[in-house]
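The residues making up each chain are set out below.
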Amino acid sequence: MSAVEIVRFAVRGLAANKMRSALTTLGILIGVAAVILLVAVGEGSSQSIQRNIQQLGANTLTVSSSTGGGAGGFRMARPQQDTGPRTQARPLTVDDARALADRTAAPHVSSVSPVVSAASRAAAYEGASHAIQQVVGTYPSYFEASNKPVAKGTYFFNDDVLAARKVVVIGQTVAENLFGTLDPVGKQITITGVPFTVVGVLKEAGATGGFQDADDVAIAPLPSVQQSLTGFGPLDQILVKAGSADDVAAAQAEITAVLDQRHGVGGTVAADYQILNQATLQETVSAATSTFTVLLGAVAAISLLVGGIGITNIMLVTVTERTREIGIRKAIGAPRGAILGQFLVEATLLSLIGGLLGVAVAVTGAQFTIAGITPVVVPSSVVLALGVSVAIGLFFGSYPANRAAKLRPIEALRFE
């Protein structure tokens, strides 16, 4: 019996019980679609996090206080001198930022931006209102260091900082909620009742993986925010930009030396600040998100295993129902290999059809946002899921097929 005839008999056998075949295929479909889609969600989440980290640039360092204050987010503790008691921890101050900007003490530092922030502040403009997710007070150098270009208008300047002028640059989300289609530049809004003049609108940053809207922000001169919103307390962060990516290590060493001297760090006195290196953080997050993606795929692969067990059950039932047919075929000379091949092809076809449909469902589902994340289909996951589905058909179909092939014709013909 030729391979074409074996396939023809297998297709005829599957078509004889369409509902059973469809249900078996559905199990494989769900498994393949789950594997591809969950890996796509993991990959989309990973890429989103990477984009957020890259926004600060490879030559940007973030200094934050380790005394309980400071802005949230990922932090990496400075490895040296982080043990031992400390009787008086010092917060970060504007004077610390000025010291870091001293080119004599830190020649590899390009710019220094002290930062304070206030969360969820009510803003209003002519009857429209919006709770701004984050209001940032800083220096003009912050825009370049944090990679926040302006789409309309301009930044504020050093003169605005020195004069504590109430000017603000807003994100796209704030602009849309307060102004709609109007041009915000030159118009006055109130933030917690304090009037600020909009001088610019930031370029849209885009989605951030569902954690925070990067466009829901307002940035104003540091003294203005301190006077109106936060008070003249410690800084949340100091954003430091090195001269280039190659200068990051040298800049970090200089920052450490300056702050150690100012904060009395040394001996048994532990550092009361942390330095976040974007490049190191990116490597750490990449490793973590890769592990997360693999775990998602492994969990989804369980459904493929369940689908394979379903194939075994269905094929065993099929063999039982078609025992007399098998006996007749063997009685008239059908070889053992033809019977074995037919049932293996049936199981493999079920897996292949379910796998192909699962790929189609997963690719379609990846076009939609899931939990605030845009899935990114990984080609290797498609090939792997489809290959595993076919392998499952062969593996789980081999036992029923072998059982059918071993039936003795006389016993098969007597089966009721």
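The structure displayed is predicted, hence computed values, not measured ones.

J.: Explanation requested: the overall build of the protein chain in the structure shown.
T.: Assigned secondary structure in the protein chain consists of 13 helices and ten strands. A fraction of 81% describes how many contacts in the protein chain between residues 6 or more apart in sequence connect residues 24 or more apart. When the accessible surface of the protein chain is totalled, it reaches about 19,600 Å², and 61% of it is carbon and sulfur.

J.: Help me understand the pairing of strand S2 (residues 109-125), please; the structure alone is not making it clear to me.
T.: The side chains of a regular strand alternate, residue by residue, between the two faces of the sheet. In terms of strand pairing, S2 meets strand S9 (residues 237-242) through six bridges, oriented antiparallel. Pairing of Val115 across the sheet is with Gln237, part of S9. Sheet analysis places S2 next to strand S3 (residues 128-138), joined by nine bridges and oriented antiparallel. By the bridge assignment, Ala122 is partnered in S3 with Ala131.

J.: What should I look at first to understand the layout of surface pockets in this one?
T.: Space left empty within the atom packing is revealed by a probe, the size of a water molecule, rolled over the atoms. In this model, the second largest pocket occupies a volume close to 150 Å³. Along the wall of the second largest pocket there are eleven residues; nearest its centre are Asn147, Pro149, Lys203, Glu204 and Ala205. Of the residues in the lining of the second largest pocket, the class split is four nonpolar, three polar and four charged.

J.: Is there a simple way to think about helix H8 (residues 248-263) in this case?
T.: Given 3.6 residues per helical turn, the α-helix brings residues three or four places apart onto the same face. If you check H8, its first and last C-alpha atoms are 22 Å apart, about what 16 residues at 1.5 Å a residue would give, namely 22 Å. The complete set of buried residues in H8 reads Val248, Ala251, Gln252, Glu254, Ile255, Thr256, Val258, Leu259, Asp260 and His263. Looking at the buried side of H8, the elements it contacts are strand S1 (60-65), helix H3 (94-100), S2, S9 and strand S10 (273-277). Taken from the residues just after H8, Gly264 is the one with a positive phi, measuring 65°.

J.: Honestly, the pairing of strand S7 (residues 194-202) in this entry has me stumped. Any pointers?
T.: In terms of burial, S7 is a largely internal element, seven of the nine residues being buried. By the bridge criterion, three bridges tie strand S4 (residues 150-153) to S7 in an arrangement that is antiparallel. Counted as the bridge partner of Lys152 is Val201 from S7. Note: strand S5 (residues 167-170) against S7, four bridges, orientation parallel.

J.: Please clarify how the side chain of Ser113 should be interpreted in this entry.
T.: You can see Ser113 is positioned in strand S2. A distance of 2.6 Å separates the side chain of Ser113 from the side chain of Ser141, its partner in a polar contact. Sequence-distant contacts of Ser113, defined by excluding residues within four places in its chain, comprise Thr138, Ser141, Tyr142, Gln237, Ile238 and Leu239.

J.: Before we go on, may I ask you to explain the nonpolar core in this structure?
T.: Looking at soluble globular proteins, one finds that nonpolar side chains tend to be buried together. One finds Val63, Ile170, Ile189, Ile238 and Ile255 to be the most contacted residues of the largest nonpolar core, which totals 46 residues. For this core, the leading source of residues is S2, giving six residues. Excluding anything up to four places from it in sequence, Ile189 contacts Ala124, Tyr125, Val168, Ile170, Leu178, Phe179, Val194, Pro195, Phe196 and Val198.

The rules we used
- Residues numbered from 1 in each chain as written.
- Predicted model: local features only at pLDDT ≥ 70, side-chain atom pairs only at ≥ 80, totals over all residues.
- Heavy atoms only, no water.
- Helix = DSSP H or I, 4+ residues; strand = E, 2+ residues; numbered from the N terminus.
- Contact = heavy atoms within 4.5 Å.
- Areas by Shrake-Rupley, 256 points an atom, 1.4 Å probe, with all protein chains shown as cover.
- Pairing = 2+ DSSP bridges.
- 1 Å grid on protein atoms, 1.4 Å probe; cavity = no way out; pocket = protein on both sides within 12 Å on 5 of 7 lines; lining within 4 Å.
- Points joined across faces, edges and corners; volume = space filled by probe spheres on them.
- Nonpolar A, V, L, I, M, F, W, Y, C, P; charged D, E, K, R; others polar.
- Expected span 1.5 Å × (residues − 1).
- Buried < 20%, exposed > 50% of the residue type's maximum accessible area, 1.4 Å probe, protein only.
- Polar contact = N/O pair within 3.5 Å; in protein donor to acceptor, adjacent residues only side chain to side chain.
- Core = buried A, V, L, I, M, F, W, Y, C linked by side-chain atoms within 4.5 Å.

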